[in-house]
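Fold and geometry: a report
Here are the chains, one letter per residue:
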Amino acid sequence: MPFSTLTDIQAKLSAGETTAVQVAQTYLDRIAQYNDDLNAFVHIDPEHVLAQAEASDAYRAKHDARPLEGLPIAVKDIFCTQHGPTQCCSNILKGFEAPYDAHVITRLREAGAVLVGKTNMDEFAMGSSNETSAFGGCKNPWNTDCIPGGSSGGSAAAVAAALTPAALGTDTGGSIRQPASLTGIVGLKPTYGRVSRRGIIAFASSLDQAGPMTRTVKDAALLTSIMAGHDAGDATSVADAPSFDWLKACEAKDMKGLRIGKPKEYFIDGMNEEVRAQVEAALQKCQELGAEIVDISLPHTEYAVAAYYVIAPSEASTNLSRYDAVRFGHRCDNPEDLEDMYARSRDEGFGSEVKRRILTGTFALSSGYYDAYYLKAQQVRTLISQDFKAAFEQVDIIATPTSPVPAFKSGEKTDDPLTMYLSDIFTIAVNLAGLPGLSQPCGFAQDLPVGLQWIAPAWQEDKILAAASAYERATDWHTKTASAFAGKGGES
Amino acid sequence: MDIDVKKIANLSRIRLTDDEAKALAPQLSNIVGYIDKLSEVNTNGVAPTAHPHDVAMPQRADVVTNTDRRDALQQPAPHTESGLYVVPKVIE
Amino acid sequence: MSWEVVIGLEVHCQINTKTKAFCGCSTEFGAEPNAQTCPVCLGMPGQLPVLNDEAARKTILTGLAINANINLESKFDRKNYFYPDLPKGYQISQFAVPIVEGGYIDIPTPNGEKRIGITRIHMEEDAGKSMHEGLDAVSHIDLNRSGIPLMEIVSEPDMRSADEAVAYLKQLHQIIKFLGVSDADMEKGQFRCDANISVRRKGEPFGTRTEMKNMNSFRFIKQAIEFEALRQIEILEDGGEVKQESRLWDSVKNESRSMRSKEEAHDYRYFPEPDLPPLRITQEEVDAIRAGMPELPNQMRKRFETEFGLSAYDADVLTQTQSLAQWYEALVAAHPANPKQCANWLANELLGRLKEQGKDITESPVSAKALASLLDKIADNTISGKIAKDVLDAMMESGKDADTIIEEKGLKQVSDTGVIDAMIQEVLDANPEQVEAYKGGQERLFGFFVGQVMKASKGKANPALVNQRLKKYLG
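Residues numbered from 1 in each chain as written. Chains lettered and ligands numbered in written order. Predicted model: local features only at pLDDT ≥ 70, side-chain atom pairs only at ≥ 80, totals over all residues.

Bringing the domain arrangement of chain C into the picture now. All names here are of chain C. When cut into domains, chain C gives domain 1 (3–287), domain 2 (297–409) and domain 3 (417–474). Here domain 1 and domain 2 have C-alpha centroids that lie 38 Å from each other. Each partner contributes to the interface: domain 1 provides 5 residues, whereas domain 2 provides 4 residues. Tallying contributions element by element places helix H2 (residues 162–179) first for the side of domain 1 that touches domain 2, with 4 residues. Of the residues in the side of domain 1 that touches domain 2, the class split is 2 nonpolar, 1 polar and 2 charged. (Domains from an automatic or database assignment. Contact = placed C-beta atoms within 7 Å. Helix = DSSP H or I, 4+ residues; strand = E, 2+ residues; numbered from the N terminus. Nonpolar A, V, L, I, M, F, W, Y, C, P; charged D, E, K, R; others polar.)

Pasting the structure below:
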């Protein structure tokens, strides 16, 4: 069971072969067994999980099953939930209990999902390895010396080690796709505006999107179909977004007639050769399935990381101003006066990476620097978007490696922030352009998973789902499991 | 580039000890140095992006929808008194 | 080489929408502390703003009323600073592209009308309230006000005296009340004014300006501007330099003092608000708003002059508020023969009496119809104007109408020629020496006879008729 997909569990529940309580118990047992090793979950309330499962079974007994009835979904610590703490893995929110649920959480609850705990993440989603978490790092199930990626590291590890069949993540510069790639699972970042951001702790407002992390493409489609939709409480969530049947989009069996763009800027020197080889092999597979690979160029790619590291910290620096110890959050002991309260509470509450980014952002927006940095970066962002638009006139979809390297060892990149920032080099431009992107497993490099990234034009997640489903059907990477966590009956 | 770390930290209301400021200064310099790469790009006549997609401002009617939830909303507050938030005074 | 003061004014005016700018909380004044807050206006994690349509509409209406341009696309920006009454640590405002730009108000001055330019009006959210009074080492924060929509109305530095500044503010205040976009109660902080003040020798470029805050009445504004102009002139005449800073007006001590200003504290780091898309309106929507605009004060003033033949002064008095103007129009509708008489009775007799009682026109115990019928009684000679004043007093006290009071008190004017002739005859018979004296050339005695007849009739004789008949008798 544990390595089952949501779709399989759903079938078993419908057929009466199992109950939501049994399913929940299976995963609670695995969490109890393995979480200490992995530190994927930073909060778990088994009683609450079982209570939800019981309620789901009771509901199923009297009504038609809702779309996610009884399915366990783990929640990244960035989604506000009324039950349990929401801490963004930061000391500044230690013990914070939100008096509201995020809009997405409400949608999942109303669809009958069983929400499981809070998963580990980089503090305030600022990181690519889960190492900035105030609650300790998270381990990659494929090699526990290695990081799982970030910032949705906990969600990725939890799904990869089958502590949950699916999890929620958020993606600002790659934080769903990169950890999915490093842990061999599927991660989807929808088009910006597809999913409501209300109740999700804001990092970079014009870049953040919530999305699913799952074992298969179809599971990702299932979850997104419930998460997506206009929310009147989020002015950036789109009404009348172009829609389609999410599950039907996953029925594609081949790629006949699909023109796949292969951007030369994403197959560069300095990337891990094995990673390159795996992705090249994946593209070959796509050709065998009937796709045409077209060489394209996204000329401003090399500036994406720089633009991102102005825009994201700038927005974050102001989004984090509300953590001022007045209405919620950590307050230092015995503040001498107001300024002391601000300065010390924020110093004590924020970790170093968060401080670095707040300072970078404040600097970029400050008087005299705005034009050279913030304004410039937003102009470069426009050029990056235009690169994609031009490319999509020649091709239907773009394929790239998700990460230039497989999972690296913990501590390997923590000395130099810049080195860490460059891990996002292949995912970042997608956020800047607001496009949808998905990572799926496509092989291994040094026994560590390698991810293939799909990028489509805005609102065309169906193209991604079709291509990724066809690839998944023709391969078995998604069935591989980390042996250390296979445990009892650890088959897929 | 030499960044006045203490000044930026003050603007951000984050206390930094001298040691912390010393450690951060080169890191911030490096980051900003990398970001300076952007100056290589010709952006003449390019409009800045503020929102990734052209979205219309949603309409919200002027009708009261919220009720008094003060107690629940003040649960997470560090210090309240008779429904007011309490903070140390600003020293003028 | 005379000095000239240069004044620009920034007004923050609360828009009287039912809900806040970015959330569905009520904006009613006087609620329990923090009873009108929600996760959005408390700036809690993950919360997002959604604009109140009505706030935008009212801002556009105000822009149209001051002859400004409406930007069909305008944008929101974040203005960053830390203060406990600013929950998000930034205020959502409009910096780069405000919704209203360019406009003017004409103000009355001793030298005729003067046009004061308005640079812009933008929308933003109000902050909460910090209370420090009587508290030792702490402040108390009430966030009910946090998020209430404001219009910030910025004038050009076109004013050259404290009086001009006050005239501008009074006009602006009146326009806003006529539009119904704000209650603009200065005591409740719904209409707040900051002044940018500098001085220069006539003909020279603008001097360094200071910003004066905390003036919450027109009187204090005048005092503060005059004080500050003098303060700056003294400094400059002593050879010093005026420091650019914010100052607080102390209305008790009648002086201003410098606010602690840190240069860095004013780096607001404005940048486009990512949580709100641009606000777009169509020309059709703007035209529809314009079509719904009520009559503005200066339009009404001019109409009262032409339609009712009133003087500029009287027209101004009667159009101070919409309720007063409406009251006057109701009065004229009920007593159409003499609008000037209506104006006189309303402005001088009724308003004067109401003021003594501390009431305004909306609290008048005498209705427009009732006053009209009193005026009818003068017009048809039932009573004299003098007696009518007594009747008005009685109407105000008793709430009874004119007819009833005239009946009850037997105040009907005597206009019967026969009766008057008889009284005249009696008076003349009783005062033969004065008759002789009058006939001998002392014409002033005419008034004496009139007075005697009025006295004999206990004031009820029709004075005009008395005059007329007396003339006949005396020749």
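Two strands in a sheet stick together by hydrogen bonds in their backbones, pointing the same way (parallel) or opposite ways (antiparallel). All names here are of chain A. Taken in spatial order, the 11 strands line up as E1-E3-E2-E4-E6-E5-E10-E11-E9-E7-E8 in an open sheet, and their pairing is mixed. Each edge of the open sheet is held by one strand with a lone partner, namely strand E1 (41–43) and strand E8 (292–296). Across this sheet, the average inter-strand angle for adjacent strands is 35°, counted without regard to direction. When strand E9 (residues 397–401) meets strand E11 (residues 448–455), the two strands line up antiparallel, connected through 4 bridges. Counted as the bridge partner of Pro401 is Leu452 from E11. (Pairing = 2+ DSSP bridges. Axes fitted to C-alpha atoms, helices over the stretch in contact; angles between N-to-C directions.)

The next thing to look at is the nonpolar core. Ile73, Ala161, Ala307 and Ile397 of chain A are the most contacted members of the largest nonpolar core, which has 256 residues in total. Element by element, the count of residues in this core is highest for helix H9 (residues 304–319) of chain A, at 10 residues. Non-local contacts of Ala161 of chain A, meaning those with residues more than four positions away in its chain, are made with Tyr34, Leu38, Ala40, Pro141, Ala482 and Phe485 of chain A. Listed in part, the 31 residues of the second largest apolar core include Ala325, Cys342, Leu346 and Ala388 of chain C. (Core = buried A, V, L, I, M, F, W, Y, C linked by C-beta atoms within 7 Å. Buried ≥ 20, exposed ≤ 12 C-beta atoms within 10 Å, placed from the backbone.)

A separate point is the interface of chain A and chain B. On the side of chain B, 45 residues touch chain A, which itself brings 56 residues to the contact. Put simply, the parts of the chain that give the side of chain A that touches chain B at least two residues each are H9, helix H10 (338–349), helix H11 (352–365), helix H12 (371–391) and helix H13 (417–421) of chain A. If one sorts the elements of the side of chain A that touches chain B by residue count, H12 of chain A sits on top with 11 residues. Residue classes in the side of chain A that touches chain B are distributed as 33 nonpolar, 12 polar and 11 charged.

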